Amino acid sequence: MKENQVKRFVWKLLLLLFPFTLVLGYPLFVILMSGETIPVTIAAKLQQGSSKDFLYGPAFRDKRSAFKLYTTLLCKPKILILGTSRVMQFRQPVFLSRDVYNAGGGVTYLWEYKKFLQALPSEQKPKILIMGLDQWQFNEHWKPEKFREEVDEWGNLNAAPVMNMLFNKWKEIYKYYFQGRISSIKLFSNLFEFRGIGLSAVVENRGFRRDGSYRYAEMNQEKWEKRFEDAFDRIEKGSDIFTYAKDIDQNRVSILKDFLNYCHEEKIEVIAFLPPFSSEVYERLKDKEQGYAYIFKIHRELEPLFHSHHFTFCDFTNLAWLHASDEETIDGFHGSEKAYLRILIELC
Amino acid sequence: MYFVPAYILILGGTIVLDYFLGIQIEKRGGAIRKYFFLVSLASNVGVLAFFKYANFIADNFNVFSRYSGVGYSLPYLSILLPIGLSFHTFQAMSYIIEVYRGNQKAERHFGIYALYVMFYPQLVAGPIERPQNLLHQFREKHDFNYERVTQGLKLMAWGLFLKVVVADRMALLVDRIYNDPYHHAGPALTLATLLFAIQIYCDFCGYSTIAVGAAKVMGFDLMQNFNRPYQATSIADFWRRWHISLSTWFKDYVYFPLGGNRTSQLRWAFNILIVFTLSGLWHGASWTFIIWGLLHGFYMIVGAWVQPLRLYVEEKVGLNYWPSFRLFLQNSVVVALVSFAWIFFRANSFEDAFYIVTHLGTGWNSVLQFPTLGKFARLFDLSKQTIILAAFAATVLVVAERIQPKQLFSNFTFPAYIRWTGYYLLVGAILFLGYWGGDQFIYFQF
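Report follows, based on the coordinates. On a predicted model such as this, the values are computed, not experimentally measured, just so you know. (Residues numbered from 1 in each chain as written. Chains lettered and ligands numbered in written order. Predicted model: local features only at pLDDT ≥ 70, side-chain atom pairs only at ≥ 80, totals over all residues. Heavy atoms only, no water.)

1. Describing the overall build of chain A
How we decide: In DSSP terms, a helix is any run of H or I states spanning at least four residues, a strand is any run of E spanning at least two, and both are numbered starting from the N terminus. Relative accessibility under 20% of the residue-type maximum defines a buried residue, over 50% an exposed one, and the middle range a partly exposed one, all with a 1.4 Å probe and only protein chains included. Every residue pair with non-hydrogen atoms within 4.5 Å of one another is taken to be in contact. Note on areas: Shrake-Rupley with a 1.4 Å probe; residue coverage comes only from the protein chains shown. The charged-residue count follows a simple rule in which Lys and Arg add positive charge and Asp and Glu add negative charge, with His and chain termini not counted at all. The location of each charge is read from NZ of Lys, CZ of Arg, CG of Asp or CD of Glu.
The secondary structure content of chain A amounts to 13 helices and 11 strands. Burial status across chain A gives 51% buried among its 348 residues. For chain A, contacts bridging at least 24 residues in sequence account for 76% of all contacts bridging at least 6. Within the structure as shown, chain A displays about 17,000 Å² of accessible surface, and the carbon and sulfur contribution to it stands at 54%. Taking the average place of the 48 positive charges on the side chains of chain A and the average place of its 45 negative ones, the gap between the two points comes to 8 Å.

2. Regarding the packing of aromatic side chains
Here a ring pair, both rings aromatic, is described through the centre-centre distance and the interplanar angle of the planes. Just so we agree on the cut-off: Ring pairs are drawn from Phe, Tyr and Trp, using the six-membered ring of Trp, whenever the two centres fall within 6.5 Å, and their geometry is named by plane angle: stacked under 30 degrees, edge-to-face over 60, tilted for the rest. The criterion for a charge sitting over a ring is simple: Lys NZ or Arg CZ within 6 Å of the ring centre, and within 35 degrees of the ring normal.
Under the defined criterion, the tally for this structure stands at 80 aromatic pairs over all chains. For the pair Phe9(A) and Phe144(B), a centre-to-centre distance of 5.6 Å together with 65° between the ring planes defines the contact as edge-to-face. Taken together, the positions of Phe9(A) in helix α1 (residues 2–34) and Phe144(B) in the loop between α6 (131–134) and α7 (146–178) put the pair across two chains. The ring centre of Trp224(A) lies 3.5 Å from the NZ or CZ of Arg227(A), which sits over that ring.

3. What about the side chain of His88(B)?
Take His88(B): it is sitting in helix α3 (residues 85–101). Filtering out sequence-adjacent residues up to four positions away, His88(B) remains in contact with Leu11(B), Ile83(B), Val117(B) and Leu123(B).

4. Things to note about α7(B)
All names here are of chain B. Worth spelling out the cut-off: Here the expected span of a helix is defined as 1.5 Å times the quantity of residues minus one. A residue's bend is the angle separating two fitted axes: one through the seven residues that end there, the other through the seven that start there. Polar contact criterion, stated in full: a pair of N or O atoms within 3.5 Å, where within protein one must be able to donate a hydrogen and the other to accept it, and residues adjacent in sequence count only if both atoms are side-chain atoms.
In a regular helix each residue adds 1.5 Å, so 33 residues correspond to 48 Å; α7 covers 45 Å between its end C-alpha atoms and thus fits that length. Most pronounced at Ala167, the bend in α7 amounts to some 30°. Counting buried positions along α7 yields 27 of 33 residues, so the element is predominantly enclosed. The residue sitting at the N-terminus of α7 and contributing the capping side-chain oxygen is Asn145; that oxygen lies 3.1 Å from the backbone nitrogen of Glu147.

5. Focus on a nonpolar patch on the surface
All names here are of chain B. Heads up, the rule is: Patches were defined on residues exceeding 30% relative accessible area and lacking a salt bridge, with like-charge contacts within 9 Å and nonpolar side-chain contacts (Val, Leu, Ile, Met, Phe, Trp, Tyr) within 5 Å. The salt bridge definition used is simple: a Lys or Arg side-chain nitrogen within 4 Å of an Asp or Glu carboxyl oxygen.
A contiguous nonpolar patch, built from Leu266, Phe298, Val302, Trp305, Val306, Leu309, Tyr312, Val313 and Val317 and spanning about 900 Å² of accessible area, is present on the exposed surface. When residues of the nonpolar patch are traced back to their parent elements, those giving at least two are α12 (287–305) and α13 (307–317). Ranked by residues supplied to the nonpolar patch, first place goes to α13 with four residues.

6. Brief notes about the environment of Gly437(B)
Tracing the sequence through the fold places Gly437(B) in the segment after α18 (416–433). Residues Gly437(B) and Ala54(B), spaced 383 residues apart in sequence, show a C-alpha to C-alpha distance of 32 Å.

7. Considerations on the interface of chain B and chain A
Stated formally: What counts as buried area is the accessible surface, traced by a 1.4 Å probe, that two parts surrender upon association, with contributions from both included. Each residue receives one of three labels: charged for Asp, Glu, Lys and Arg, nonpolar for Ala, Val, Leu, Ile, Met, Phe, Trp, Tyr, Cys and Pro, and polar for the others, Gly being one of them.
Taken together, the contact between chain B and chain A spans 20 residues of the former and 19 residues of the latter. Summing the contributions of chain B and of chain A, the shared interface buries around 1,900 Å²; its carbon and sulfur component is 69%. Ranking the residues of chain B by area buried against chain A places Tyr146(B), Phe432(B) and Trp436(B) at the top, with a combined share of 37%. Along the contact surface separating chain B from chain A lie zero salt bridges. Inspection of the chain B/chain A interface yields three residue pairs in polar contact (both at pLDDT 80 or more). Secondary structure elements with two or more residues in the side of chain B that touches chain A: α7 and α18 of chain B. Element by element, the count of residues in the side of chain B that touches chain A is highest for α18(B), at seven residues. When grouped by side-chain class, the residues that make up the side of chain B that touches chain A number 11 nonpolar, six polar and three charged.

8. What to know about the packing of helix α4 (residues 111–118) of chain A against helix α10 (residues 250–265) of chain A
Residue and element names in this part refer to chain A. What counts is decided by this rule: Note on method: axes are straight lines fitted to C-alpha atoms, helices fitted across the in-contact stretch only, with angles between N-to-C directions ranging 0 to 180 degrees. When describing relative orientation, an angle under 35 degrees is termed roughly parallel and one over 145 degrees roughly antiparallel, while 65 to 115 degrees is termed roughly perpendicular and anything else oblique. A crossing counts as left-handed when the near helix is turned anticlockwise from the far one by less than a right angle, and as right-handed when that turn is clockwise.
Between α4 and α10, the shortest axis-to-axis distance is 8 Å and the interhelical angle comes to 25°. By the angle between their directions, the pair α4 and α10 is classed as roughly parallel. Crossing of α4 against α10: the hand is left-handed. In this structure, α4 contributes Trp111, Tyr113, Lys114, Leu117 and Gln118 to the contact, and α10 contributes Ile255, Asp258, Phe259, Tyr262 and Cys263. Here the contact of α4 with α10 is built from residues that sort into seven nonpolar, one polar and two charged.

9. With respect to unusual backbone geometry
Residues and elements named next belong to chain A. In this model, His310 sits at a positive phi of 60°, which is unusual for a non-glycine residue. The backbone of His323 sits at a positive phi, close to 60°, despite the residue not being glycine. Checked against the element boundaries, His323 lands in the loop between β9 (312–315) and β10 (329–331).

10. A word on the packing of helix α10 (residues 244–255) of chain B against helix α11 (residues 265–283) of chain B
Residue and element names in this part refer to chain B. Relative to each other, α10 and α11 sit at 130°, their axes nearing to 11 Å. Looking at the two axes, α10 sits oblique to α11. As α10 runs across α11, the sense of the crossing is right-handed. Across the interface between the two elements, Leu246, Phe250, Val254 and Tyr255 of α10 pack against Trp268, Asn271, Ile272, Val275, Leu278, Ser279, Trp282 and His283 of α11. Its residues placed into classes, the contact of α10 with α11 shows nine nonpolar, three polar and no charged.

This is the structure we're talking about:
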């Protein structure tokens, strides 16, 4: 009698869950095969410990800051490159030293630079810091809530709960599948010829290399021709990183000043620069000079802060100043690796 | 709040102590019996006070010391709150009090007593059980029973729906406003407050329902912790429906020993304020929680004192002839008062709460300017889809509360095709409409 009840229960439970299993089965396969839920710390260890240089490119979980910090702790570089996505193009092979790590993408807000360095033990602090400072970090109207109090950006370094990711991302996975962006064969073959950790790395060959630099996915002709449109659109609307402002925010200048003092105390030599916009985007910013007046004041106002510590600070806001054309861009505010080679040459 | 493995020793320590003291209290008589009782209470309250209130006490003492020139500061402790401390402490105290009163025999089996305190479905967020209800169930055999297991699973599914589909969706809207209230005016602040009322109910009721359902699957019956509180017609009625296990705990172990309502009016009012202040403090070590508790105490006192006047006015106006409208009015007043008090519960600081309270009436002329969904969504800086999902979830909740019998799912005698459609829709809603962004249960922080 009890056995019949149990059987009846199990059959009805299976009947209830079967349709959902069908729907969620493929997304679960994608998540597990791509290694999306592998903890950041394990991914960093695998990448640094492997003889093969594979990519780390998760699609659904942005733990860049934690990944870069943890890898920096593993690598203990003498030369550290730090900034947002606009420094991710520097590659270790162009340096004479092997002791270089690109922690680009590890910070987003000005106060995070110091937080990043403070997380490194004294004996692991870099000797040289190459840092990119995004122009909008000095815009008081850009993300003011992130500057009111510190936010814990490191977050949870452990494995992402598979079920959370599954329920949150299953629709996106099907969308990518029907767009032809997910190849089940590539996912399955990743078990045998390991290409990377994370969906972007496995199917689009896009992600962070072992030296911390970022490999972007190939662009088709249509995407190439429209690569500045997003920036133009944001400039027209005055939104996001292109929010209008007349003056530099002095509070943020104070944060930078405090950071430079910290580097001076820790005997870290700082080489800083303002990363380039494409020439076309720069011209649009100039056309709206009233809206972006603060951008054209940054170098003049900040240079004395660097000079007082004998640090270097260069302004590469317009790509054309590097004698580069807009062919050397990925989009309106990210230069290509060639453009960043030019930056390195100038910094030297 | 974190899970720290070493903290299991705290739980273990209090279990061992209360197990031993419970037996001694039953065995002994006279002063030594009372002594053991007080030791048990002191150890439970002491552990709770240390982990939960040490820094709050230090904070307030230091402010007092600064202004009075005492010149001495208490140190702040870097300690984490053990998971479910407030709940299992109260459950353990309930056991000791009932043994002391002679209403419950002391449990001789250590494992069963430990299980009573640590019963996992209700360990972290209640319901706070009584020994008379729970202890004997651990001695009974629980065979597999199809109806009971399916009933339990239905409760768990409903609880999960309340949590991930309703509460967590509301949280997206509420957090936008409450985490930065200074950039919002009356309409947004009011709406966020009302949505928080839904959020906290669904969050806590959802968890309780999952706990009751999980226990039921294993054959155990836990007490009902919520009974459609937003259908209350008075504040007293609200507290008979909201977090029933906690409110009855305070009633039986604080309010009645203080004299209850068998005292003078003034003393009764004092008893009410004590109980609700302690209730506020139980919820959190912050002045905003204390103010929240005091507000409810104030509501109870004023509600009782103006009742004769209210009845007189209702009779004069003729509300007695429209009982449904009268109930609707009463219910609306209760929801408004309770929602107002939630401002202090949710606000991140006293300053934030004060700002919200003083700006509820501002900016209402602009409400006519955002009648479209798009403008409304921009108010919360969220997508239209999120707003629609939140509205849908709230509607399902309201309808379900109206049509369900007192015991959820206990009387579902619909035809199989209707029931199974409902099951598929419920599971589908949980999986596909739920917000799985990782928000923990609000009451986990207690």
